[in-house]
Amino acid sequence: MIDNAVAIYCFLDDYLKAINHQQDKQRMMNDAEIMTTALLAALYFGGNHERALCFVRAHVFSRVLKKSRFSRRVHAIDELLHSVFLSVGEIIKQFDTRMEYIMDSFPVALCHNIRIFGNRILPLDEEYRGKCVSKSQYFYGFRVQVIATVDGVPVEFAIVPGSWHDSKGMHALSMNLPEGSRNISDSAYTDYAFEDLLKESENIWHDTERKCNSKRTEPAYRKYYKSRIRKLIESMFAQITSMIPRKIHATTIKGFLLKVKLFIWNFSFKKLCFQ
């Protein structure tokens, strides 16, 4: 655990120096230490910042903030953490010779339907009530749209309201994929106009699974290949959701979403650095 903490800190510290990130030298914890602690909380402590602070105080850093100040600092560097994830994603895309990506989504429930009126984080809005088809159950919260490599490393993601259909939620992604690449997805992402536009303007193949009544058919071997390769992202989602606790402690929407992002960022670091 200590070795992983040191590896994460060294990577983040080198990245911030490379981009010439400016920060107050008089701070008790610099931004690399804040990001490291937040990622360790997601990696080992179920998102519990207080337990992560106790660990780094005892084994990693000499000076550590109190929980309230630490939470404010984490919220302040939300965009900085996301820029690290995007930069790593761009590097992965540049060195990915297969140029094949998989797109899908998974739900993150704030609470079950029966507890909707008791939640104090989200407003009562049907926009957040979604359905998980694979589990045949409704949830109240968000849906995470993800683009990953065939090796199971996320390179892009976006968090949208739970009621958004995948064909709508995919437009929240930047789709900044290399020219000539192929993005494989299930039939829920079918959008012929978007498919043609992406192919014509960016030379990216938005390759969805075709329904039996689809206007655009494909040979049987393509259907088989897609069904096999899509199991990779389902396995990746199982690993991410296993890291997310049944209850995410948060008092605001921003705090809830930040912890969800930290679990995804942490999974990417874990795949790249520790395996």
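In this report, the structure presented in the accompanying data block is examined.

Conventions used here
- Residues numbered from 1 in each chain as written.
- Predicted model: local features only at pLDDT ≥ 70, side-chain atom pairs only at ≥ 80, totals over all residues.
- Heavy atoms only, no water.
- Axes fitted to C-alpha atoms, helices over the stretch in contact; angles between N-to-C directions.
- Helix = DSSP H or I, 4+ residues; strand = E, 2+ residues; numbered from the N terminus.
- Left-handed = near helix turned anticlockwise from the far one by under 90°.
- Contact = heavy atoms within 4.5 Å.
- Nonpolar A, V, L, I, M, F, W, Y, C, P; charged D, E, K, R; others polar.
- Buried < 20%, exposed > 50% of the residue type's maximum accessible area, 1.4 Å probe, protein only.
- Pairing = 2+ DSSP bridges.
- Arc of directions from axis to C-beta.
- Disulfide = S-S within 2.5 Å.
- Polar contact = N/O pair within 3.5 Å; in protein donor to acceptor, adjacent residues only side chain to side chain.
- Parallel < 35°, antiparallel > 145°, perpendicular 65-115°, else oblique.
- Phe/Tyr/Trp six-rings, centres within 6.5 Å; stacked < 30°, edge-to-face > 60°.
- Salt bridge = Lys/Arg side-chain N within 4 Å of Asp/Glu carboxyl O.

**A few points about the packing of helix α2 (residues 31-44) against helix α3 (residues 49-59)**
The N-to-C vectors of α2 and α3 enclose an angle of 115°; their axes lie 9 Å apart at closest approach. Crossing of α2 over α3 shows right-handed handedness. Across from Thr37, Leu40 and Ala41 in α2, the residues of α3 making contact are His49, Ala52, Leu53, Phe55 and Val56. Considered class by class, the residues forming the contact of α2 with α3 number six nonpolar, two polar and no charged.

**As for the side chain of Thr149**
For Thr149, the position within the fold is in strand β3 (residues 137-149). Excluding its chain neighbours within four sequence positions, the residues that come into contact with Thr149 are Ile92, Asp96, Glu100, Tyr101, Ile102 and Val155.

**Description of the pairing of strand β1 (residues 100-111)**
Taken across its twelve residues, β1 has ten buried, putting it largely inside the fold. Here ten bridges tie β1 to β3, and the two strands are oriented antiparallel to one another. Bridge pairing links Ala109 to Gly141 in β3.

**So, helix α4 (residues 67-76)**
Turning to α4, its buried residues are Phe70, Arg73 and Val74. The arc that holds the buried residues of α4, viewed along the axis, is 100°, so those residues lie on one side. When the buried face of α4 is taken as reference, the exposed residues oriented beyond 90 degrees from it are Arg72 and Ala76.

**A few points about the state of the cysteines**
The tally for this structure, following the rule as stated, stands at zero disulfides. Left without a disulfide partner, Cys132 is nearest to the cysteine sulfur of Cys111, which lies 15 Å away. Overall, the relative accessible area of 8% leaves Cys132 in the buried class.

**Here we look at α3**
Because an α-helix completes one turn every 3.6 residues, residues spaced three or four positions apart along the sequence face the same direction. Along α3, the residues that are buried comprise His49, Ala52, Leu53, Phe55 and Val56. Axial view of α3: buried residues confined to an arc of 160°, hence all on one face. Capping the start of α3 is the job of one residue whose side-chain oxygen sits 3.1 Å from the backbone nitrogen of Glu50: Asn48.

**Brief notes about unusual backbone geometry**
For Met175, which is not glycine, the phi dihedral falls at a positive 55°. Turning to its location among the elements, Met175 is positioned in the loop between α6 (166-169) and β5 (182-185).

**Overview of the packing of helix α1 (residues 2-18) against α2**
Contact geometry of α1 with α2 gives a least axis separation of 9 Å together with a crossing angle of 140°. By the angle class used here, α1 and α2 are oblique. Crossing angle aside, the handedness with which α1 passes α2 is right-handed. Along its contact with α1, which presents Asn4, Ala5, Ile8, Tyr9, Leu12, Asp13 and Leu16, the element α2 presents Asp31, Ala32, Glu33, Met35, Thr36, Leu39, Leu40 and Tyr44. Split by residue class, the contact of α1 with α2 holds ten nonpolar, two polar and three charged.

**Describing the packing of aromatic side chains**
Scanning the entire structure with this criterion turns up nine aromatic pairs. Between the aromatic rings of Tyr128 and Tyr140, the centroid separation amounts to 6.2 Å while the plane-to-plane angle is 65°, which identifies the pairing as edge-to-face. Residue Tyr128 is found in the loop between β1 and β2 (129-132), and its partner Tyr140 is found in strand β3; the two are separated by twelve residues along the sequence. In terms of burial, Tyr128 and Tyr140 fall into one category: buried. When the ring of Tyr128 is compared with that of Phe142, the centres are 5.5 Å apart and the planes differ by 70°; the resulting orientation is edge-to-face.

**Focus on the pattern of salt bridges**
Counted under the stated rule, the structure contains 18 salt bridges. For the salt bridge of Asp31 with Arg73, the shortest nitrogen-to-oxygen distance reads 3.0 Å. With a gap of 42 residues between them, Asp31 in helix α2 and Arg73 in helix α4 connect regions that are remote in the sequence. Take Asp31: its relative accessible area is 3%, and that puts it in the buried class.

None of the figures reported here should be taken as evidence of function without further support.
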